[in-house]
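# Understanding the architecture of this molecule
Residue-level listing of the chains:
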Amino acid sequence: MTTTTYAVTVPDCGLADVTVAARGEGRPILLLHGGAGPQSVDRFAQTLAKRERARVIAPTHPGFRGTPRPEWLDSVPALARLYRALLDQLDLTEVTVVGNSIGGWIAAELALLGSPRIHGIVLVDAVGIHVADQPVADVFGLPKGQLAERSYHDPAPFRIDVSRLSEAQRAAMEASIASNFAALRIYGGSMTDPTLRSRLSAITLPTLIVWGDSDRISTPDYGRAYAAAIPGARFELLADTGHLPQIENPEALLTLVWSFAVTHATRKPAGRG
């Protein structure tokens, strides 16, 4: 793995530093993390790059993990513009964009921006749309411990025993969580944009939507509403899986992502460019 910080200029917006972890060689995958932070996709990125002929590009959204965030970068659409500019700077083509949670929302906004560099998107338990009878959980208002309960089919294997951590490790973990939540609140707010659902009909890229059947952050019916809003989108439900399939059910997710990427990598996108 190589980690590089790029100075990315976004036209009509400004400059932002983006820290990117890159692994492997082959078909490019832009992997966008959710509110759990970049560590929530690290192992999946490593496995995908090792298992398949994939170059996995995993940026840290500015503000997460204590990274700097310029004032202009304060919304999901702004992040989408940043990552479109990053793809241009890296000169990547035939890219499959994979995003979990708010990362899925960013991927959807990227598809709406249009880029000939992107040939398909995978939304994994995404947030962003408003569905009246299926609200996204208020992650900022949940009692301590409830976030994990709602995020996993079985949270027990993923709980961290803080009593085993040193004081320095606990302090570092708490600081990382605090910075992640602060950045998430700035970008996502209530985790929905009331305009997004109607705008999704303009997406022309091949789209795969993957959902955990036990997700209680954004429910499977919420995911089905997402799929219904995007022309031609395919919906896949993963059994015994919550909001973070890349952690809880990585093998099933990897199979779906790679099959989709191989199928659509050389297909000419119908985006606006």
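Refer to the structure printed above.
Residues numbered from 1 in each chain as written. Predicted model: local features only at pLDDT ≥ 70, side-chain atom pairs only at ≥ 80, totals over all residues. Heavy atoms only, no water.

### Section: the pairing of strand β3 (residues 27-32)
For the record, the criterion: Throughout, exposure labels follow a simple rule: accessible area from a 1.4 Å probe, protein chains only, divided by the maximum for the residue type, with under 20% read as buried, over 50% as exposed, and the rest as partly exposed. In DSSP terms, a helix is any run of H or I states spanning at least four residues, a strand is any run of E spanning at least two, and both are numbered starting from the N terminus. Here, a strand pair is defined by DSSP locating no fewer than two bridges between the strands. When the strands point away from the viewer and the connection leading from the first strand across the helix to the second strand turns clockwise, the crossover is called right-handed.
The buried fraction of β3 amounts to 5 of the 6 residues, a majority that puts the element mostly inside the structure. Bridge count for β3 against strand β4 (residues 54-60) is 4 bridges, and the pairing is parallel. The partner of P28 across the bridge, within β4, is R55. For the handedness criterion, the β-α-β arrangement of β3, helix α1 (residues 39-51) and β4 is classed as right-handed. Where β3 and strand β5 (residues 95-100) come together, 4 bridges link them in parallel fashion. Looking at the pairing, L30 lines up with V97 of β5.

### Re helix α7 (residues 220-229)
The buried fraction of α7 is high, at 7 of 10 residues. Those residues of α7 lying buried are P220, Y222, G223, A225, Y226, A227 and A229.

### A closer look at helix α2 (residues 76-90)
Threshold: For a helix, the expected span equals 1.5 Å multiplied by the residue count minus one. Pairs of N or O atoms within 3.5 Å make up the polar contacts considered here, provided that, within protein, one atom can donate a hydrogen while the other can accept it, and that residues adjacent in sequence are counted only when both atoms are side-chain atoms.
With 15 residues, α2 should cover 21 Å at 1.5 Å per step; its first-to-last C-alpha distance of 21 Å lies within 8% of that length. Those residues of α2 that sit buried are V76, A78, L79, A80, L82, Y83, A85, L86, L87 and L90. At the N-terminal end of α2, a side-chain oxygen is found 3.2 Å from the backbone nitrogen of A78, two or three residues along, and the residue is S75. Once α2 finishes, D91 follows within two positions and takes phi at roughly 55°, a positive value.

### With respect to the pairing of strand β1 (residues 2-10)
The two faces of a sheet get side chains in turn, since along a regular strand they alternate between them. Sheet analysis places β1 next to strand β2 (residues 14-23), joined by 9 bridges and oriented antiparallel. In the strand pairing of β2, T9 is matched with L15. Between β1 and β2, which pair antiparallel and follow one another directly, the connecting turn spans 3 residues, one of which, D12, has a positive phi of 65°.

### Let's talk about the nonpolar core
Defined as follows: As used in this record, nonpolar core signifies buried Ala, Val, Leu, Ile, Met, Phe, Trp, Tyr and Cys residues forming a set joined through side-chain atoms within 4.5 Å. Between two residues, a contact is recorded if the distance between any of their heavy atoms is within 4.5 Å.
L30, L82, Y83, V97, L123, L200 and Y226 are the most contacted members of the largest nonpolar core, which has 59 residues in total. Ranked by the residues each element gives to this core, the list is headed by α2, at 10 residues. Those residues in contact with L82, other than ones at most four positions away along the chain, are V8, V10, A16, V18, P62 and L73. A54, V124, L253 and A261 belong to the second-largest nonpolar core, a separate cluster that totals 23 residues.

### Regarding the pattern of salt bridges
To keep things clear, this is the line we draw: In the sections that follow, a salt bridge refers to a side-chain nitrogen of Lys or Arg positioned within 4 Å of a carboxyl oxygen of Asp or Glu.
Going through the model one piece at a time under the given rule, you end up with 8 salt bridges. Where D91 meets R117, a salt bridge forms, and the shortest distance between an N and an O atom there is 3.1 Å. Pair noted here: D91 is in the loop between α2 and β5 and R117 is in the loop between α3 (102-113) and β6 (118-124), with a separation of 26 residues, a long-range link. Using a relative accessible area of 54% as the deciding quantity, one classes D91 as exposed. Given a relative accessible area of 16%, R117 falls into the buried group. Where E109 meets R199, a salt bridge forms, and the shortest distance between an N and an O atom there is 2.8 Å. Here E109 is found in helix α3, whereas its partner R199 is found in helix α6 (residues 196-199), with 90 residues between them in sequence. The partly exposed category is assigned to R199, whose relative accessible area is 28%. One network of salt bridges, in which partners are shared, links D88, D91 and R117.

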